[in-house]
Amino acid sequence: MNKIKDIVNKCLSQNPCEIDIRFNETMKNHTTFKVGGEADCWIKPSGDGFPDFCTGLLNETKKEGIPVFVLGGGANIVVSDKGIRGIVLDTKKWNGQIVNENEFVLRAGTTMDEACQITAASELSGLEFLSGMPGTIGGAVWMNARCYDNEMSDVLKRVEIIEKDLIKNNYTIKKIEIEEKHGFGYKLSPFQNMDCLILSTAFNLRKGNKQDIINKINKNKQDRIDKGHYLFPSAGSAFKNNREFGKPTGLIIDELGLKGFKIGDAQIAPFHGNIIINTGNATAANIRALTDEVANKVKKATGFELEPEILFVGQ
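Residues numbered from 1 in each chain as written. Predicted model: local features only at pLDDT ≥ 70, side-chain atom pairs only at ≥ 80, totals over all residues. Heavy atoms only, no water.

Enquirer: Is there a simple way to think about the pattern of salt bridges in this case?
Expert: Pairing between side chains of opposite charge can happen when the charged atoms of each approach one another. Summed over all chains, the structure comprises 23 salt bridges. We note a salt bridge from Arg 22 to Glu 25, for which the minimum N-O separation is 3.0 Å. The exposure class of Arg 22 is partly exposed, given its relative accessible area of 33%. Arg 107 serves as the salt-bridge partner of Asp 48, at 3.8 Å between the closest nitrogen and oxygen. Of this pair, Asp 48 sits in the loop between β2 (38-46) and α2 (50-64) while Arg 107 sits in strand β7 (residues 104-107); the two residues are 59 residues apart in sequence, bridging distant segments of the chain. Under the relative-accessibility criterion, Asp 48 is labelled exposed at 68%. (Salt bridge = Lys/Arg side-chain N within 4 Å of Asp/Glu carboxyl O. Buried < 20%, exposed > 50% of the residue type's maximum accessible area, 1.4 Å probe, protein only. Helix = DSSP H or I, 4+ residues; strand = E, 2+ residues; numbered from the N terminus.)

Laid out in structure tokens, this is it:
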């Protein structure tokens, strides 16, 4: 802990930044699944010094061999019951619009609903599919979030990141122009194979009617409400869809009679075959066991190999 404190103090002295810092922080407080053990250290920086502070932190922790886990909205992940070693870098305070007359730019910590509100106020259309989705813009870019036949790569123009320079062996801020969908796929982005932290994203959006945009945002949010997405702690879809299966994964699980199937307090939602919910005091181990058991049952019955969409992280 003392080494982490020294690193943080050094970074703050070189790149002043407002931070919230806690040691032995319970990660269930920072994930949509509401599970997870303690992080050795949890840091949430804010203010204009965020990029330089984070760059310095990544450089110093790399030198000392201290791992850093970048956290967005805490959606789509299951943190181990044993927690996360090293530092959890929470990006949620690095949010909002970056004012630029020529393009529309959002910081990585902006939530999906915040992004929709900002675009609607600006009469810009293209991000409505994110309405009601948990998580942040940075996480959505990283996983190429998809819904309603739209995905992030459809609207990306440029992504600013902190990336490790393999030649200089240090982290620097750089901008990646998205000129085509190279490296993007179904729930895939090139950033998944990069040692980087996403800072902001410039989008290709189109001018639209403000009320039409708001109506579409509200419609998508209501659709999620009607499907039960907010009834219990969860991370949305548990498994990826695969067109080769010929039907949605949720329907396959439903047809096998697995809706409502439980291990501990982790349950396949009674209202949706591809959502795992925390019905009370589920553990990460419960969720992992349930995910594995459902995948095994589907494999045995159909031959299909389900690929988890939720990520299991931590020790």
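Enquirer: Would you mind going over the sheet that holds strand β18 (residues 275-278) with me for this structure?
Expert: Hydrogen bonding along the main chain pairs the strands of a sheet, whether they run parallel or antiparallel. The 4 strands lie next to each other as β15-β18-β17-β16, forming an open sheet whose pairing is antiparallel. One side of each edge strand has no neighbouring strand; the edge strands of this open sheet are β15 (234-237) and β16 (262-263). As paired elements, β15 and β18 share 2 bridges and run antiparallel to each other. If you follow Ser 234 over to β18, its bridge partner there is Ile 277. Sheet contacts for helix α7 (residues 284-302): β16, β17 (266-268) and β18; angle to β17, the most-contacted strand, approximately 30°. (Pairing = 2+ DSSP bridges. Contact = heavy atoms within 4.5 Å. Axes fitted to C-alpha atoms, helices over the stretch in contact; angles between N-to-C directions.)

Enquirer: I would appreciate a short explanation of unusual backbone geometry in the present structure.
Expert: Glycine aside, the phi torsion of most residues is negative, and most peptide linkages are trans. One non-glycine residue, Asn 24, lies in positive phi territory at about 55°. You can see Asn 24 is positioned in strand β1 (residues 18-26). Positive phi outside glycine occurs at Lys 187, with the angle close to 60°. Tracing the chain through its elements places Lys 187 in the loop between β12 (170-177) and β13 (196-203). You can call Lys 187 buried: its relative accessible area is 8%.

Enquirer: Would you explain helix α1 (residues 2-14) in this entry?
Expert: The periodicity of an α-helix, 3.6 residues per turn, causes residues three or four places apart in sequence to face the same way. Look at α1: 18 Å from first C-alpha to last across 13 residues, which is about the 18 Å you get at 1.5 Å a residue. If you check which residues of α1 are buried, you get Ile 4, Ile 7, Val 8 and Cys 11. Along the long axis of α1, the arc covered by the buried residues comes to 95°, so they all point the same way. Facing away from the buried surface of α1 by more than 90 degrees, the exposed residues are Asn 2, Asp 6 and Ser 13. Taken together, the buried residues of α1 touch β1, β2, α2 and β5 (84-90). (Expected span 1.5 Å × (residues − 1). Arc of directions from axis to C-beta.)

Enquirer: I tried to follow the nonpolar core on my own but got confused; where do I start?
Expert: General note: in soluble globular proteins, nonpolar side chains tend to be found buried as a group. Counting residues in hydrophobic clusters, the biggest one holds 32 residues, and the most contacted among them are Leu 130, Met 152, Phe 191 and Phe 203. When residues in this core are grouped by element, the largest group, 5 residues, is from helix α3 (residues 112-121). Excluding anything up to four places from it in sequence, Phe 203 contacts Phe 104, Leu 106, Leu 127, Ile 137, Met 152, Val 155, Leu 156 and Lys 157. In this structure, Ala 238, Ile 268, Val 294 and Val 298 belong to the second largest nonpolar core, which totals 22 residues. (Core = buried A, V, L, I, M, F, W, Y, C linked by side-chain atoms within 4.5 Å.)

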